[in-house]
Amino acid sequence: MKYYVVDAFAENVFEGNPAGVCVMDAWLSEELMQKIAIENNLSETAFAVKEEDELYRLRWFTPGGEIDLCGHATLATAYVITNFYDTDSKRIRFKTLSGELTVIRNGELYEMDFPSRMPETQPLTDQMVEALGIRPSEAYLGRDLMFLLESESDVINLEPDFSKLAGLPEGLGVLVTARSDEYDFVSRCFFPKLNVNEDPVCGSAHCNFIPFWAARLNKQEMTARQVSKRGGTLYCKLAGDRVTISGRAALYSIAELYVA
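Below you will find a few notes about this structure. (Residues numbered from 1 in each chain as written. Predicted model: local features only at pLDDT ≥ 70, side-chain atom pairs only at ≥ 80, totals over all residues. Heavy atoms only, no water.)

**What about the side chain of Ser 204?**
In this fold, Ser 204 is placed in the loop between β14 (196–199) and α6 (206–217). Excluding anything up to four places from it in sequence, Ser 204 contacts Leu 69, Cys 70, Gly 71 and Arg 143. (Helix = DSSP H or I, 4+ residues; strand = E, 2+ residues; numbered from the N terminus. Contact = heavy atoms within 4.5 Å.)

**So, unusual backbone geometry**
Positive phi is not limited to glycine here, since Phe 14 has a value of about 75°. One non-glycine residue, Asn 195, adopts positive backbone phi at about 65°. In this fold, Asn 195 is placed in the loop between β13 (185–191) and β14.

**Remarks on empty space enclosed by the protein**
Inspection of the entire model under this criterion finds one cavity of 30 Å³ or more. Space inside the largest cavity adds up to approximately 60 Å³. As for the largest cavity, its lining consists of 13 residues, and the residues nearest its centre are Glu 44, Ile 67, Phe 191, Asp 199 and Cys 202. Looking at the lining of the largest cavity residue by residue, the class counts come to seven nonpolar, three polar and three charged. (1 Å grid on protein atoms, 1.4 Å probe; cavity = no way out; pocket = protein on both sides within 12 Å on 5 of 7 lines; lining within 4 Å. Points joined across faces, edges and corners; volume = space filled by probe spheres on them. Nonpolar A, V, L, I, M, F, W, Y, C, P; charged D, E, K, R; others polar.)

**So, the nonpolar core**
Grouped together as the largest cluster of nonpolar side chains are 56 residues, with contacts concentrated most on Phe 9, Trp 60, Phe 94, Phe 114, Phe 209, Trp 213 and Ile 245. Residues contacting Phe 94, with those up to four places away along its chain left out, are Leu 55, Tyr 56, Leu 58, Thr 74, Thr 77, Ala 78, Ile 81, Gly 99, Glu 100, Leu 101 and Val 103. In terms of nonpolar packing, the next biggest core, distinct from the first, is built from 17 residues, Leu 132, Leu 145, Val 176 and Val 227 among them. (Core = buried A, V, L, I, M, F, W, Y, C linked by side-chain atoms within 4.5 Å. Buried < 20%, exposed > 50% of the residue type's maximum accessible area, 1.4 Å probe, protein only.)

So, in structure tokens, the structure goes:
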């Protein structure tokens, strides 16, 4: 079976967020897909099966289990499909656990249409502060816990306790964000509950960040930067109850998996 690794939200390889991609003729068992994701040991491995012209069913697996939404692996899958499978297509639709998602290829940019997920205010607890190692200005909760920090340097220099983050009862992941001078906002994302301590660039987190910062900045279009060690740039837009997230991708490898 063909297996691709694509660096998403990246200008070049070794940047952005690497995702594994398997485009298949038919579904493997969930157990086997989970084993492949564990063996790959990337934050997400995407599995896609074509159902009709320009329509694929898409699933994402982390080393810790299947997830309901993943931006960078969706971008990576669209990159693989439009470069190696449906090479004449500029628009790919995906049926997912989060509904139908569309990716439009515009030159080197891939624009993803995702649901907007405005998080709700959450009381800040001592357990949260202890896990982060810093007191955030505000706390929010959607699928993930989200914390607003005072400055970009606070986000960059954050050294959380991953075991304590995993022990927080609220949220699947932990997101931190702040205003930026060069970009509209910056962020970092942690998912120790899924055996991914830090996700280098997390598209699904921006389903929260975009409506949050659009309201704060009174802007519909924004440029964001995830300030992990690898780093990645995302071009963001709020469109009613949807968001669009655009980025580039770079192919790292093509391999054969022997999993029969």
